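Residue-level structural notes
As a plain string of letters, each chain reads:
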Amino acid sequence: MINSLLVAVAVVIHHEALNFLFWLGRHVNVRRNVGVLIGVFGALVAHVIEIWMFAVGYLFMYHSPFFGTLEGNFDGSLMDSAYFSFTTYTSLGVGDIEPHGALRFTAGLEALTGLVLITWTASFLFLKMQRHWKRGPDQ
């Protein structure tokens with residue numbers, strides 16, 4: 001149930017962020033390079049929010065007796081949960097923190113969610129840049 005909620009909220013956050021960036025691009029008249037930069041930074045903010053949301057989920061599940069544990073270079077803090085979440089979401093997978101029990105499934109879902117949302121962002125930014133390239137260099 002918690003896993004489904006984490007994934008669903010991450011997808012909704014990402015959808016709303018990209019939808020807002022699309023709306024912003026249509027209603028705010030800025031030079032094309034500024035529009036692309038707004039898109040990149042906006043998408044990064046969305047990713048960071050999603051990663052921290054997963055980190056809070058890990059922290060809750062770690063301190064609960066029902067979901068397993070995180071072992072290795074992990075002290076049970078929010079910062080360590082965020083570090084694990086960043087490396088999992090981006091599929092970096094440093095490996096100095098290892099999930100056990102049900103947290104293994106959460107980590108796998110986060111990696112899959114991160115992959116999908118990162119590629120969604122790449123597609124969004126490609127289309128945004130393609131639209132600007134068609135308009136010309138100074139528009």
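Residues numbered from 1 in each chain as written. Predicted model: local features only at pLDDT ≥ 70, side-chain atom pairs only at ≥ 80, totals over all residues. Heavy atoms only, no water.

Some remarks on the overall build of the protein chain
Each helix and strand in the protein chain was counted, giving four helices and two strands. What you see in the protein chain, going N to C, is helices and strands ordered as α-α-β-α-β-α. When contacts within the protein chain are restricted to residue pairs at least 6 apart in sequence, long-range pairs at least 24 apart make up 72% of them. Approximately 8,100 Å² of the protein chain is accessible, and the part contributed by carbon and sulfur atoms is 70%. Charge separation in the protein chain, taken as the distance between the mean sites of 8 positive and 9 negative side-chain charges, equals 26 Å. (Helix = DSSP H or I, 4+ residues; strand = E, 2+ residues; numbered from the N terminus. Contact = heavy atoms within 4.5 Å. Areas by Shrake-Rupley, 256 points an atom, 1.4 Å probe, with all protein chains shown as cover. Lys, Arg positive; Asp, Glu negative; His and termini not counted. Charge placed at Lys NZ, Arg CZ, Asp CG, Glu CD.)

Remarks on the pairing of strand β2 (residues 97–100)
Of the two faces of β2, only one is covered, namely that formed by Ile97 and Pro99; the face formed by Glu98 and His100 stays uncovered. Pairing of strand β1 (residues 69–72) with β2 involves four bridges; the strand directions are antiparallel. Bridge pairing in β2 links Glu71 to Glu98. (Buried < 20%, exposed > 50% of the residue type's maximum accessible area, 1.4 Å probe, protein only. Pairing = 2+ DSSP bridges.)

Quick look at the side chain of Lys128
Relative to the elements of secondary structure, Lys128 occurs in helix α4 (residues 103–135). Here Lys128 sits buried without a salt bridge, and the closest side chain of opposite charge, Glu16, lies 16 Å off (N-O distance). Leave out the neighbours within four places in its chain, and Lys128 touches Leu21, Gly25, Gly35, Val36 and Gly39. (Salt bridge = Lys/Arg side-chain N within 4 Å of Asp/Glu carboxyl O.)

Comments concerning the packing of helix α1 (residues 2–27) against helix α2 (residues 32–62)
At their nearest, the axes of α1 and α2 sit 10 Å apart, and the two run at 165° to each other. Classified by the angle between their axes, α1 and α2 sit roughly antiparallel to one another. Crossing handedness for the pair α1 and α2: right-handed. The residue makeup of the contact of α1 with α2, split by class, is 17 nonpolar, six polar and one charged. (Axes fitted to C-alpha atoms, helices over the stretch in contact; angles between N-to-C directions. Parallel < 35°, antiparallel > 145°, perpendicular 65-115°, else oblique. Left-handed = near helix turned anticlockwise from the far one by under 90°. Nonpolar A, V, L, I, M, F, W, Y, C, P; charged D, E, K, R; others polar.)

What about the packing of α2 against helix α3 (residues 78–89)?
Relative orientation of the contacting elements α2 and α3 amounts to 125°, with a least axis distance of 8 Å. In terms of their interaxial angle, α2 and α3 are classed as oblique. Crossing geometry of α2 relative to α3 is assigned as right-handed. Contact residues: His47, Val48, Glu50, Ile51, Trp52, Phe54, Ala55, Val56, Tyr58 and Leu59 in α2; Leu78, Met79, Ser81, Ala82, Phe84, Ser85, Phe86, Thr88 and Tyr89 in α3.

Quick word on the packing of aromatic side chains
The final tally for this structure, using the stated rule, is four aromatic pairs. A centroid spacing of 6.1 Å and a plane angle of 25° characterise the contact between Phe20 and Trp23, whose relative ring orientation is stacked. With Phe20 and Trp23 both in helix α1 and three residues apart, this pair spans about one turn of that helix. A residue is classified by how much of its surface remains accessible, and Phe20, at 44% relative accessible area, is partly exposed. (Phe/Tyr/Trp six-rings, centres within 6.5 Å; stacked < 30°, edge-to-face > 60°.)

Side note on the side chain of Asp80
By the secondary structure assignment, Asp80 is in helix α3. There is no salt bridge for the buried Asp80, and the closest opposite charge comes from Arg104, which lies 19 Å off by N-O distance. When neighbours within four sequence positions are excluded, Asp80 is seen to be in contact with Asn73, Phe74, Asp75 and Ile97.

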